[in-house]
Amino acid sequence: MTTKRVLIMAFVLGIAAASGAAAQEKRVFELRTYFSPPGRLDDLQARFRDHTVKLFEKHGMTNIGYWVPIENPDNRLVYVLAYPSREAREASWKAFFADPDWQDVRKKTEANGPIVAKVEAVLLGPTDYSPEVKPAAAGERVFELRTYTASAGNLENLNARFRNHTLKLFEKHGITNVGYWNPLEGQPGAGETLIYILAHRSVEAAKASFDAFRQDPDWLAARKASEEKAGGS
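## Comments concerning the pattern of salt bridges
Per the counting criterion, the structure on display carries 18 salt bridges. In this structure, Arg163 and Asp128 form a salt bridge, with 2.9 Å as the shortest nitrogen-oxygen distance. Taken together, the positions of Arg163 in helix H4 (residues 155-172) and Asp128 in the loop between strand S6 (118-126) and strand S7 (132-135) put the pair 35 residues apart, joining distant regions of the chain. Take Arg163: its relative accessible area is 29%, and that puts it in the partly exposed class. Looking at Asp128, the relative accessible area reads 48%, which means it is partly exposed. The shortest N-O distance in the salt bridge between Asp211 and Lys207 comes to 2.9 Å. Highlighted residues: Asp211 and Lys207, both in helix H5 (residues 203-215), separated by four residues, approximately one helical turn. The class of Asp211 is partly exposed, set by a relative accessible area of 30%.

Shown next, in the form of structure tokens:
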């Protein structure tokens, strides 16, 4: 299994995991990453803050959260949207791009050149253990976007370990579970990837929580049992 992690700070909306049955979360989510040209990230954030977020809402998209990495040499803006379905997503984006208000905003904000150099996007389905995800104001926090690539044929074993052990152990050590997703069929990483977001009080709190988590005998036992069952990592 390979892991990628990014510490990110919210700039528009806070995000929190609400309590409730995981099985109730049926929406389609989209993780989008924008790369801004050098010197234009502030302009991109301003466009979202002043215009885009409201236009997304106008066209039926749910704004979940917007973040920038704490260390951000690539000038990235990361955000998550939610839709009732894949079909609703297609209809919403079609209406958004055709909206004269958006076309006017884009023209004005790009008068001095493009403010987006590259876009990456992946459509996600919530795992059956993901909390219901809702925007919420919860003070200043640090968020962590983590991407796990399972070894061949072991995505369900990885999901099972999170479902049965990891989420509870994260909570035990002061880590907030925000949302857990797998890429939908036909998307990059489908069938092998787990993407999730955590929240921490601070960078220091994140390190302390994970240090305690990794030394927890319950975690060590769960990891050993799950890897023995899967025949390896």
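## Brief notes about unusual backbone geometry
Within the chain, Asn75 stands out as a residue other than glycine whose phi angle is a positive 55°. Here Asn75 lies in the loop between strand S4 (62-69) and strand S5 (76-83). When its relative accessible area of 18% is taken as the criterion, Asn75 is described as buried.

## A short note on the environment of Ile195
In this fold, Ile195 is placed in strand S10 (residues 193-200). A C-alpha to C-alpha distance of 8.8 Å links Ile195 and Thr149, two positions 46 residues apart in sequence. With residues near it in sequence (within four places) discarded, Ile195 still touches Leu31, Val122, Leu124, Leu145, Arg146, Thr147, Gly179, Tyr180, Trp181 and Pro183.

Rules used in this analysis
Residues numbered from 1 in each chain as written. Predicted model: local features only at pLDDT ≥ 70, side-chain atom pairs only at ≥ 80, totals over all residues. Heavy atoms only, no water. Salt bridge = Lys/Arg side-chain N within 4 Å of Asp/Glu carboxyl O. Helix = DSSP H or I, 4+ residues; strand = E, 2+ residues; numbered from the N terminus. Buried < 20%, exposed > 50% of the residue type's maximum accessible area, 1.4 Å probe, protein only. Contact = heavy atoms within 4.5 Å.

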